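Now for the letters of each chain:
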Amino acid sequence: MAPHSPAIDQIDTLLWIGFAAAVILGVAAIGGLLYALGRNRAERGAEPRQVTSGPGIQLRVGGALGIFAVALLVLSIVFTDRAREAPATGPAGLQTAHGEPLTIETTGQQWLWRYQYPNEAFSYYRLVVPVDTEVRLNLVSTDVVHTWDVPDLAAKTDAVPGKTHEIVFRADEEGTYFGQAATLSGQAYAAMRTAVEVVSPAEYEAFVETQKEEIQTAQDRVVKLIENGEVP
Amino acid sequence: MSAPTKSPELVVDGFPPRRPRWVQLATSADHKDLGRILIAGALGFLFMAVVELLLMRLQLAVPENTFMPPVTFNRMLSLYGATAIFLFALPLALGFFYYVAPLQIGARGTALPRLGQLGAWLFIGGAAVLYATFLFTPPEVGVNPLPPLSGLAYTANNGVDAWLAACGLATLGFVLIAVDLVATLRRLRAPGMAWRRLPVFSWAAAISAWLTIAIGAVMLAAITMLMIDRNFEGIFFAGDAGGSPLLWQHLSWIFYTGAYMLILIFALGAIAEIMPALARKPLFNRNAVIGSLVAIAVLGTLAWMQNMYTAPIGLGWMYFAMVMSLALIVPFGLVLFNLIATLTSGAVRMRAPLLFAAGAIVAIVIGLVSEMSHAMVAAGWRLQHTTDSTAATHFALVGGAVFGGFAALHWWFPKMTGRTMGETLARFSFWTMAIGILLAFVPLFLAGGGKDQVIDAYEFFGGNGLDAYNLIATIGAFVLAAGIFMTLANAILSREGGQPAGHDAWGADSLEWFALSPPEPHNFDLPPDVRSARPMRDIRAAITHRSAREEQPDRDRQPVV
């Protein structure tokens, strides 16, 4: 899977490090066990040998494992910090005043995601963002805990009622990225999906304007219907 | 011996009539009877957990399946989680500790038998509450019922209350049993049974008992708070009214993470009895293994926030959890190193308990090395909440509680019943389970780690490359279930029909093999005198020595006391 954002690049590297570490430890432990089980079978006349263990070998084995753990810890911290670095808006991205990130208020609710753009336009399910731009999602929930998860773009993040949780990402390539909520939130949880459309800044501007106008038109129509008494 | 006629002072009424066996069992405060109740109950609920898992896997066999509606899936999921943890794994571990540890330390019973009895029956009561929900509404808010979803506003039925009552009763029972175990291990050790001579499994019992008291209290607090929130307008977990939904996550994860460690400590403790005995070697370095088990209990439980990397907590807390989690590499590694070193210098008899013990270690290792990536913060952001975590957790816990539990079952079955479990069926069962666990959970690693299939969802969508993985996992779950059912059947059949085992079935070094099989209610006629960490070996040597002196007349069968 090709990474499509700087953070995912770092996370992917760390995943491979974790996988390699798992293979090293797993092969050593399982290989050692199978070797030991196969080597000295009583039915082939093996006799137990008197081998005693002082603290020396325990310290050496424990020390080696400790060094391994510390190495993993350091690598994890390095790559986690890199994954958290705020990615700056690139030349192809949407240029905002003072270089502020594009902030989108994101609300999780049973069983939809709502995205509100800076110009008051909003959309459900579908998030449209400009390419090569630092995007910040301010994640909240109006009901239960939801997890926003678009694995190709950003780290999984919980929307918890009463708290605002931030996701910052930059999409490097245009396209549509799918995601699915990742914390059980009730009956329609499995259908709580989202799609992030990464488009050029011009298309993004056009989208939010059209969206705003359409919402305005729809709201005006509803207001008129109410005024005319056609709906209570 | 009836009809008193002549001299009243010589009247003998005989022994009081024996009560029916089930009355005997239901009113007994003997640790062996209660241990058998816990173990038998746990194995029964293993059956239920497997059935629930199979139903969920059937729903997930093909994309967008409509085998069951979402709410039924969520109910199966909740029942499965509560059954597997509260009604199977924990009572199985505590049942074995409660049965075996007093025998291993040469005690004639437990220190607080009525407390232990109450504990065992609270567990049965909790189980009854959970399964009574089939009469009204089963719980439907997942393995860990996170508020606000589990709050009254979003789940306004009795299922969650039943979950709370059931898990609360069972947890309270576990805490009472743990209190009895702590008191017994502190006060009732036989003369000479110093802590440095205590068998590793009894050490595991002591560590697990303390751990149960610590994490059980935390879970009981959380359960009480959620009960107050749901029924008495509490606001402990209400984010908009001064409480916090994160509080539940912290408290419940302390319990679940500690329980995870407890199950592994149980399995490793049992394996540390089985492997040396079947390799005819003392454990390579006892002290390192015991110290490592203590470290696992402490570090593992302190890593609870490893499950909250996606939650709004500070990065520093995540690093704290990661340090604790990665530090576990050292104690787990040392335990495995010592077990392998014991086998390497021994003479291995490949009997059923050793087979299951080896399978347990392989599965636990696969599970733990995968959990390692979940602990590395940024990698955890990707892997958690996917089926990769389902797979890792199941490898470690099925490895610990099912493979490890079956190793313990085969090992102590002769002591409990006087009969050995069928060796051929055990081998069939083991290899079926080994194939099953690989087929059932390796595809979930690939689906979760590679393709981001999310956890707990009642359906997945076609066209994402997930179809084959899920189909194989479903087939694998059925194979695994077949293997598990074979051992359950083996246990039932062998109770009456197994080969008579004798009192000293495996040639192990700990004192439970000095008692009869099954042991008398008072365990030992005389408390054994312990002179080393291998008391049964000393007893055997003393018997051999005494038989060699022909002029010695036959005496009591407990010659060293």
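Treat the numbers as computed from the prediction; the structure is a model and nothing was measured.

Draft legend 1. Geometry of the overall build of chain B. Helix and strand counts for chain B come out as 16 helices and two strands. Principal-axis analysis of the C-alpha atoms gives chain B an extent of 85 × 60 × 40 Å. Of all 561 residues assigned to chain B, the portion counted as buried reaches 61%.

Draft legend 2. Here's a closer look at the overall build of chain A. Secondary structure summary: chain A contains three helices and 10 strands in total. In chain A, the order of α-helices and β-strands from amino to carboxyl end is α-α-β-β-β-β-β-β-β-β-β-β-α. On C-alpha atoms alone, chain A measures out to a radius of gyration of 27 Å, which is more than a quarter above the 17 Å that the 2.2 N^0.38 rule sets for 232 residues. Along the first, second and third principal axes, the C-alpha set of chain A runs to 100 × 45 × 30 Å. Residues counted as buried form 38% of the 232 residues belonging to chain A. Here the contacts in chain A between residues at least 6 apart in sequence split such that 71% fall between residues at least 24 apart.

Draft legend 3. Region of interest: the interface of chain A and chain B. Between chain A and chain B, the contact holds 65 residues from the first and 66 residues from the second. With 17 residues, helix 1 (residues 6-39) of chain A is the largest single contributor of residues to the side of chain A that touches chain B.

Draft legend 4. Highlighting the nonpolar core. If you look at the biggest cluster of nonpolar residues, it comprises 266 residues, and the most contacted ones within it are F96(B), I263(B), I265(B), I271(B) and A407(B). Here the element with the most residues in this core is helix 7 (residues 245-279) of chain B; it accounts for 25 residues. Shared between two domains, this core takes at least three residues from each, and those domains are domain 1 (6-38 + 56-84) and domain 2 (97-227) of chain A. Setting aside anything within four residues of it in sequence, one finds I263(B) in contact with A89(B), A93(B), L397(B), G400(B) and A401(B).

Draft legend 5. Inspection of the sheet that holds strand 1 (residues 102-109) of chain A at higher detail. All names here are of chain A. Judged by pairing direction, the sheet is mixed, and its five strands sit side by side in the order 3-2-1-5-8 without closing on themselves. Each of the sheet's edge strands pairs with one partner strand only, and the pair in question is strand 3 (122-124) and strand 8 (165-170). Going across the sheet, the axis of each strand differs from the next one's by a mean of 25 degrees, ignoring polarity. As paired strands, strand 2 (residues 112-116) and strand 3 are joined by three bridges and run antiparallel to one another. In the sheet register, Y115 faces strand 3, and the bridge partner there is S123.

The rules we used
- Residues numbered from 1 in each chain as written.
- Chains lettered and ligands numbered in written order.
- Predicted model: local features only at pLDDT ≥ 70, side-chain atom pairs only at ≥ 80, totals over all residues.
- Helix = DSSP H or I, 4+ residues; strand = E, 2+ residues; numbered from the N terminus.
- Buried ≥ 20, exposed ≤ 12 C-beta atoms within 10 Å, placed from the backbone.
- Rg over C-alpha atoms; globule rule 2.2 N^0.38 Å.
- Contact = placed C-beta atoms within 7 Å.
- Core = buried A, V, L, I, M, F, W, Y, C linked by C-beta atoms within 7 Å.
- Domains from an automatic or database assignment.
- Pairing = 2+ DSSP bridges.
- Axes fitted to C-alpha atoms, helices over the stretch in contact; angles between N-to-C directions.

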